[in-house]
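# Coordinate analysis (summary)
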Amino acid sequence: MAAEEVMPEKKIMGRFFDMLSKEPNKVTYGLEEVKKQLEMGSVEVVLVSEAMDDDVIEQLEDMASTMNSEVMIISVDTREGVQLRDMGKIVAILRYEVHA
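Residues numbered from 1 in each chain as written. Predicted model: local features only at pLDDT ≥ 70, side-chain atom pairs only at ≥ 80, totals over all residues. Heavy atoms only, no water.

### Describing the environment of Arg 95
- Assignment of secondary structure puts Arg 95 in the segment after β4 (90-94).
- When the C-alpha atoms of Arg 95 and Val 43 are compared, they prove to be 5.6 Å apart, with 52 residues separating the residues in sequence.
- Arg 95 has contacts with Lys 26, Gly 41, Ser 42, Val 43, Glu 44, Met 67, Asn 68 and Ser 69, leaving out every residue within four places of it along the chain.
- Engagement of the side chain of Arg 95 in a polar contact is seen with the backbone oxygen of Gly 41, the distance being 2.8 Å. (Helix = DSSP H or I, 4+ residues; strand = E, 2+ residues; numbered from the N terminus. Contact = heavy atoms within 4.5 Å. Polar contact = N/O pair within 3.5 Å; in protein donor to acceptor, adjacent residues only side chain to side chain.)

Here it is in structure tokens:
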């Protein structure tokens, strides 16, 4: 994959991992937790591995569009993409802190 194509993916995944370490209440991961936060309207962007089932991706895109959230499909061609796949194939960056 061309470097200019993976740069946005590497950048947003880097942002997620940075927030995970510094602001853990502004990120979430796991399908059920991401869906819950989408329904609450707290998701800025959902990062989904291309390895995720297409039906699930479509469902997430539908949910995100109603809440003005973005969905980015992340390839497994980068180290960050492989990390995402290994974390359960889905994470989200939130608009604000959410406390469980």
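### Structural notes on the nonpolar core
- If you look at the biggest cluster of nonpolar residues, it comprises 15 residues, and the most contacted ones within it are Leu 38, Val 46, Val 48 and Ile 90.
- Secondary-structure elements contributing two or more residues to this core are α2 (31-40), β2 (43-49), α3 (54-66) and β4.
- No other element matches the five residues that α3 contributes to this core.
- Excluding residues within four positions of it along the chain, Val 46 makes contact with Val 34, Leu 38, Glu 70, Val 71, Met 72, Ile 90, Val 91 and Ala 92.
- Grouped together as the second largest cluster of nonpolar side chains are 12 residues, Phe 16, Leu 47, Met 72 and Ile 74 included. (Core = buried A, V, L, I, M, F, W, Y, C linked by side-chain atoms within 4.5 Å. Buried < 20%, exposed > 50% of the residue type's maximum accessible area, 1.4 Å probe, protein only.)

### A closer look at the sheet that holds β2
- Pairing within the open sheet is mixed, and its four strands lie in the order β1-β4-β2-β3. Unpaired on one side and paired on the other, β1 (27-29) and β3 (70-74) mark the two borders of the sheet. Averaged over all pairs of adjacent strands, the angle between strand axes in this sheet comes to 20°, irrespective of strand direction.
- Sheet topology places β2 next to β4; five bridges connect them, and they run antiparallel. Bridge assignment links Val 48 to a residue of β4, and that residue is Ile 90.
- Docked against the sheet, α3 engages β2, β3 and β4, running at close to 155° with respect to β3. (Pairing = 2+ DSSP bridges. Axes fitted to C-alpha atoms, helices over the stretch in contact; angles between N-to-C directions.)

### Focus: the side chain of Lys 35
- Summarising the element assignment, Lys 35 is placed in helix α2.
- Here Lys 35 is buried and forms no salt bridge, its nearest opposite-charge partner Glu 32 lying at an N-O distance of 4.3 Å.
- Residues contacting Lys 35, with those up to four places away along its chain left out, are Gln 59, Leu 60 and Met 63. (Lys, Arg positive; Asp, Glu negative; His and termini not counted. Salt bridge = Lys/Arg side-chain N within 4 Å of Asp/Glu carboxyl O.)

### Focus on the pairing of β2
- Within β2, six of the seven residues are buried, which leaves the element mostly enclosed by the surrounding structure.
- In this sheet, β3 lies alongside β2 in parallel orientation, the contact comprising five bridges. Its bridge partner lying in β3, Ser 49 is registered against Ile 74.
- Traced from β2 through α3 to β3, the parallel crossover comes out right-handed. (Right-handed = clockwise from strand over helix to strand, strands pointing away.)

### Observations regarding a negative patch on the surface
- Together, Asp 53, Asp 54, Asp 55, Glu 58, Glu 61 and Asp 62 give the surface a local cluster of negative charge.
- We classify Asp 62 as partly exposed; its relative accessible area is 46%. (Patch = residues over 30% accessible without salt bridge, like charges linked within 9 Å, V, L, I, M, F, W, Y side chains within 5 Å. Areas by Shrake-Rupley, 256 points an atom, 1.4 Å probe, with all protein chains shown as cover. Charge placed at Lys NZ, Arg CZ, Asp CG, Glu CD.)

Purely geometric stuff here, so don't read any function into it on its own.
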